[in-house]
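# Architecture at a glance
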Amino acid sequence: MSATDSPAATRRLTVRLFGPQARLAGADAVTITLPENATVAEIRSGLSEACEPLRPSLSGSRIAVNHEYVSESEPVAFDAEVALIGLVSGG
Amino acid sequence: MNGASPPISLSPGPLAPIGSASPSTYGAVLTFEGVVRPSEPDGAASRPLAALLYEAYEPMTTQELARLAKTCEAEFEAILSVEHSVGEVPVGACSFRLRVATPHRAAALACCAAFVDRMKRDVPLWKIPVWA
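Residues numbered from 1 in each chain as written. Chains lettered and ligands numbered in written order. Predicted model: local features only at pLDDT ≥ 70, side-chain atom pairs only at ≥ 80, totals over all residues. Heavy atoms only, no water.

Going by what an unreviewed UniProt entry lists, chain B is known as Molybdopterin synthase catalytic subunit and is assigned to Alienimonas chondri. The record held by UniProt for chain B lists under Subunit (unreviewed entry) the comment "Heterotetramer of 2 MoaD subunits and 2 MoaE subunits. Also stable as homodimer. The enzyme changes between these two forms during catalysis." Entered under Sequence similarities (unreviewed entry) in the UniProt record, the comment concerning chain B runs "Belongs to the MoaE family." (UniProt positions renumbered as here; feature names shortened; annotations may be inferred.)

As annotated in an unreviewed UniProt entry, chain A is MoaD/ThiS family protein from Alienimonas chondri.

Okay, structure coming up:
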């Protein structure tokens, strides 16, 4: 098989969960499989596939990478800390 | 206003009462306290609470509170200090305290409203009901 025929490299990424979303998922993290150089939008899709209870709240949630909010098109580094930030309710 | 970061504090459990000393010579000093209500919505109904359990995502929570406080200080020519609980806070206890000092009252009231609205939109803090 040539290099061009080889399947795209993938990696496993753990996304941290908090608050009501952690209760919905029954876990404080979800691990998903993504292509190398996946974007934030692909992380969101991966979460939707991997964890059905999170689906209704995903569109209103943001993704933080290394403790900063990032845009949907942002590629995410292999060793980044990724968190789903949804349904915030402090105060 | 000055270039220093506003004081931000995350503390376990209920926040202790404060004295009445003014933090500055500004003309308007406003202290807003968020207190745990005795009930919360649970679906369409209201259900009695024992407490709220606050969760933070550190260091992002403190970082976002500081960013928001600095933005509000610049926007409203204000001085802010922020305290927020993490962990369990019983009904009737204080879980959030914002102190705003400005030259005049209109700016203090507007700053307080803006800070709380933006905190509830942007700062990673969650509350989980502990039902009675």
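## Structural notes on the interface of chain B and chain A
Taken together, the contacts link 24 residues of chain B with 19 residues of chain A. Buried area between chain B and chain A, summed over both chains or domains, comes out near 1800 Å², and the portion from carbon and sulfur atoms is 54%. Three residues stand out in chain B for area buried against chain A, namely Tyr57, Met60 and Trp126 of chain B, and they jointly supply 38% of the buried area on that side. Taken together, the links from chain B to chain A amount to 3 salt bridges. Note that Glu68 of chain A is salt-bridged to Arg67 of chain B, the shortest N-O span being 2.9 Å. The interface formed by chain B and chain A includes 11 residue pairs in polar contact (both at pLDDT 80 or more). Elements represented by at least two residues in the side of chain B that touches chain A include exactly β4 (45-56), α1 (60-76), β6 (94-102), α2 (105-122) and β7 (125-131) of chain B. When its residues are assigned to classes, the side of chain B that touches chain A shows 13 nonpolar, 3 polar and 8 charged. (Contact = heavy atoms within 4.5 Å. Buried area = accessible area lost by both parts, 1.4 Å probe. Salt bridge = Lys/Arg side-chain N within 4 Å of Asp/Glu carboxyl O. Polar contact = N/O pair within 3.5 Å; in protein donor to acceptor, adjacent residues only side chain to side chain. Helix = DSSP H or I, 4+ residues; strand = E, 2+ residues; numbered from the N terminus. Nonpolar A, V, L, I, M, F, W, Y, C, P; charged D, E, K, R; others polar.)

## Some words on the environment of Ala28 of chain B
Its location among the elements puts Ala28 of chain B in strand β2 (residues 28-35). Beyond its immediate stretch of four places on either side in the chain, Ala28 of chain B contacts Val100, Ala101, Thr102, Pro103, His104, Arg105 and Ala108 of chain B.

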